[in-house]
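A closer look at the structure
Given next are the chains, with one letter for each unit.
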Amino acid sequence: MIREDSPNTKMCLSGMAERPIPEVLDFLEHAYLHSKPAPNIAVFIAAREHLLKRDVADPDKESLVRALILVARSCFAAATPRDGLIALDRAEAVAEHLPDSDLKRQLFNVKGSLYMDMGDFTQSFEAFTHTIEIARRLGNRDAEARVMANLAALFVDFGAYWDGLKLGEKVLAMHAAQPINTVVLMTALNNMTEACLATHQAERGLELGNRVLLESPREETPHRAHLCMTHVLLARLHLLRGRISAAERELVAARDFELSIGYPRASLKVAVAAALIDHEKGRLRQAIQSLKDLLVRSSTDSAVIKDVLSALVTIYEKEGHPKSALKYLQRLSAMTERVNFDHARKRLSEIGLIDADAKDSGLTAANLLVTNDFRLQTANLRKRMIDSQVEVLERVAVAAEMRDDVTGMHCYRVGKWANLVALEMGLTAVEADAIEIAARLHDIGKIGIPDELLRKPAKLTASEYEIMKRHAVLGARLLSRSKTPQIRLAEKVALSHHEHWDGSGYPQGLSREGIPLAGRITAVVDVFDALTHERPYKHAWPVEEALAEIWRLSGTWFDAKVVAAFDRVYSALRQSGTDIDEQIESRLKRSRVMRIRDYVVAGAAFNPDESGTFQLPLAAQR
């Protein structure tokens, strides 16, 4: 390993400012290649500080970008992603002066990986999508497969398991047509195996995991790291089927690889699997103590902490200790909120959509839709409202939704229904459009709720339901203090769409006209759409039964006038003889957000902008 305090390293670092960029790059490449199992991050941070002082007009721009990317990769390996993003911000500024090249692809791929490590789904998704587009333009098939595998990892990590499986299948199809890089194939297969574990598809997961073992050379270090994780996943899949002996055999194999690679995260994952096996063998006290010790050991690795907390919740639930299970579920919820919610809030502040220092507008929830102030501001803003800002919000909402709605279309359907009901109730087109935007964002607070609740197939306990109810408050907090009337309205809808006409709802216990009209409209169409579509925890209801349920709740949960307006809208659409879902979704799929998602996940064609080029809005363009 290259040490920061070695004479050669000190001499090179001290004279780096005067050295040509290619020499600096050579030094960093040598340091990266010989720093195993993890880089000495102090060397790369020191190098980064020198590189940041270089003029962006330096004639050797490619070497400068390569050096900054290498710094970012080292930060990723050392689990310091924020340090890596500082290097990539400068690399991106320099790369703007370069034509499309594999270098730009590498830049955005590393950027996506860093954001993924931070738990920032939306920015990681954007960076990876941009990487795919560059790879396709360059005809770099291996690079396209690599970023597809990274995207699959992103979806699985975020809890959108079905999209992760779809992306993995695309990588496998590419491999079947023409063999791709072995590490990329292993990454895709492991991501799919992890998705199967999360969705309890044990047999499919075992099939995929065993394929990794068959197709991977065992001698090379990169393969050994992947194989370690494969054996961990196989051990846990066997536990799902109650095959304890098979799980123990996989754990022994995982430990053999763990010892040879010296990768800290692998060691922690092995330890989690070992604790779960201990529990299945009746060693409850030992299993719980091991997991508690892991919480201390993995204090800086959010991915492992999530795994440990989930394991503790599972064990305590199985052992019939709901209070202990709730204790760790609350910690898991707090961590999910801190990671996902805080990233989203920071992102919205960065693009100017919310202002953390702004004072409350003074508009109340009840009068927001009938004030001259709202109508005037809305009319003035419609022509100059920044579309990319709304798209950022929609991406957050879709990301939150995809964790318990595999299509990600629920928020769009609710928005369109809300628009139609608002028009039926006599609101203006401007007001109905504002309600549509607000209704699309009604569940945006779910981004702060853990998968263990969103995807739980059984009924939530009373305590679990209290955690789930926080999504209304979280959504309002995320959207609060915006200067845009539409987003101020969305804040009220996020907060009020679970309030009931008779005052029995949450979170504020509002009743009757005290609930904003936009919230009352969203409440009706949200329940109807949720009832008529499948979720991980329920089957879809027949439409007639859902309509009967809506009418049954009229006057208690729902405003009877809104229910009547919804019924008229539904009846009129049904009489047209068209499939209502198809009619709404075919229109909504023209939304840029859903087109980008379909472009990545389903392989659909993405219609270019008027300029003739694909342009996913990136940080500098927003």
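Once that is clear, we can look at the environment of tyrosine 316. Within the secondary structure, tyrosine 316 is located in helix 16 (residues 302-318). In this structure, the C-alpha to C-alpha distance between tyrosine 316 and leucine 326, residues 10 residues apart in sequence, is 8.8 Å. With sequence-adjacent residues up to four places away left out, tyrosine 316 is seen in contact with Ile288, Lys292, His321, Ser324, Ala325 and Tyr328.

The subject of this paragraph is unusual backbone geometry. Look at the link from tyrosine 506 to proline 507: it is a cis peptide, with omega at 5 degrees. Residue placement: proline 507 occurs in the loop between helix 25 (485-496) and helix 26 (517-531). Positioned with a positive phi, histidine 200 is a non-glycine residue whose angle comes to about 60 degrees. Structurally, histidine 200 is set in the loop between helix 10 (182-198) and helix 11 (202-215). Take histidine 200: its relative accessible area is 57%, and that puts it in the exposed class. Phi at arginine 512 is positive, roughly 45 degrees, even though this residue is not glycine. Along the polypeptide, arginine 512 turns up in the loop between helix 25 and helix 26.

Attention now goes to the side chain of aspartate 529. Structurally, the position occupied by aspartate 529 is in helix 26. For aspartate 529, a relative accessible area of 1% gives the class buried.

Viewed as axis vectors pointing N to C, helix 26 and helix 28 (residues 560-575) meet at an angle of 50 degrees, and their least axial separation amounts to 10 Å. Taken together, the axis directions place helix 26 and helix 28 in an arrangement best described as oblique. The interaxial crossing formed by helix 26 with helix 28 has right-handed handedness. Counted together, Leu517, Arg520, Ile521, Val524, Val525 and Phe528 of helix 26 and Val562, Val563, Phe566 and Tyr570 of helix 28 form the full contact between these two elements. Here the residues of the contact of helix 26 with helix 28 sort into 9 nonpolar, no polar and 1 charged.

As a packed pair, helix 6 (residues 102-118) and helix 7 (residues 121-138) sit with axes 8 Å apart at the nearest point and diverge in direction by 160 degrees. Relative to helix 7, the element helix 6 is oriented roughly antiparallel. Note that helix 6 runs across helix 7; the crossing there is left-handed. Contacts from Asp102, Lys104, Arg105, Phe108, Asn109, Lys111, Gly112, Ser113, Tyr115 and Met116 in helix 6 reach Gln123, Ser124, Ala127, Phe128, His130, Thr131, Ile134, Ala135 and Leu138 in helix 7.

Right, let's talk about the pattern of salt bridges for a bit. As enumerated under the stated definition, the model contains 26 salt bridges in all. Across the pair arginine 552 and glutamate 549 runs a salt bridge whose closest N-O atoms are separated by 2.8 Å. Separated by 3 residues within a single helix, arginine 552 and glutamate 549 lie in helix 27 (residues 543-552), roughly one turn from each other. Residue class for arginine 552 comes out exposed when judged on its relative accessible area of 56%.

Look at helix 13 (residues 244-261): 26 Å from first C-alpha to last across 18 residues, which is about the 26 Å you get at 1.5 Å a residue. The complete set of buried residues in helix 13 reads Ala246, Ala247, Glu250, Leu251, Ala253, Ala254, Phe257, Glu258 and Ile261. All buried residues of helix 13 lie within an arc of 165 degrees about the axis, which places them on one face of the element. Residues of helix 13 that are exposed and angled more than 90 degrees away from the buried face: Arg249, Val252 and Leu259.

Here we take up helix 3 (residues 41-52). One turn of an α-helix holds 3.6 residues; hence residues three or four places apart share an orientation. The end-to-end C-alpha separation of helix 3 is 16 Å, in line with the 16 Å expected for 12 residues at 1.5 Å each. Of all the positions in helix 3, only Val43, Phe44, Ala47, Arg48, His50 and Leu51 are classed as buried. Down the axis of helix 3, the buried side of the element spans an arc of 165 degrees, and every buried residue falls inside it.

Our next topic: the environment of serine 463. With respect to the helices, strands and loops of the structure, serine 463 is situated in helix 23 (residues 462-468). Residue class for serine 463 comes out partly exposed when judged on its relative accessible area of 33%. When the C-alpha atoms of serine 463 and leucine 329 are compared, they prove to be 9.8 Å apart, with 134 residues separating the residues in sequence.

To continue, consider the packing of aromatic side chains. Tallying each qualifying case throughout the model produces 10 aromatic pairs. Here tyrosine 316 and tyrosine 328 contribute two aromatic rings whose centre-to-centre distance is 5.9 Å and whose plane-to-plane angle is 5 degrees, an arrangement assigned as stacked. In this pair, tyrosine 316 sits in helix 16 while tyrosine 328 sits in helix 17 (residues 322-350), placing the two residues 12 residues apart along the sequence. Considered together, tyrosine 316 and tyrosine 328 belong to a single accessibility category, that of buried residues. Taking the centre distance of 5.8 Å and the plane angle of 65 degrees together, the rings of phenylalanine 528 and tyrosine 570 count as edge-to-face. With a gap of 42 residues between them, phenylalanine 528 in helix 26 and tyrosine 570 in helix 28 connect regions that are remote in the sequence. Exposure remark for phenylalanine 528: the relative accessible area of 4% places this residue in the buried category.

For the rest of this paragraph, the subject is the confidence of the model for the protein. Overall, the prediction assigns the protein a mean pLDDT of 79, with 76% of residues at 70 or greater. Low pLDDT, under 50, characterises residues 360-368; the stretch is placed with 14 contacts to residues that sit more than four places away or in other chains. Predicted confidence is poor over residues 604-622, with pLDDT under 50, and the contacts of this stretch with residues over four places away or in other chains come to 42 contacts.

Definitions and limits used
- Residues numbered from 1 in each chain as written.
- Predicted model: local features only at pLDDT ≥ 70, side-chain atom pairs only at ≥ 80, totals over all residues.
- Heavy atoms only, no water.
- Helix = DSSP H or I, 4+ residues; strand = E, 2+ residues; numbered from the N terminus.
- Contact = heavy atoms within 4.5 Å.
- Buried < 20%, exposed > 50% of the residue type's maximum accessible area, 1.4 Å probe, protein only.
- Axes fitted to C-alpha atoms, helices over the stretch in contact; angles between N-to-C directions.
- Parallel < 35°, antiparallel > 145°, perpendicular 65-115°, else oblique.
- Left-handed = near helix turned anticlockwise from the far one by under 90°.
- Nonpolar A, V, L, I, M, F, W, Y, C, P; charged D, E, K, R; others polar.
- Salt bridge = Lys/Arg side-chain N within 4 Å of Asp/Glu carboxyl O.
- Expected span 1.5 Å × (residues − 1).
- Arc of directions from axis to C-beta.
- Phe/Tyr/Trp six-rings, centres within 6.5 Å; stacked < 30°, edge-to-face > 60°.
- pLDDT = per-residue confidence, 0-100.

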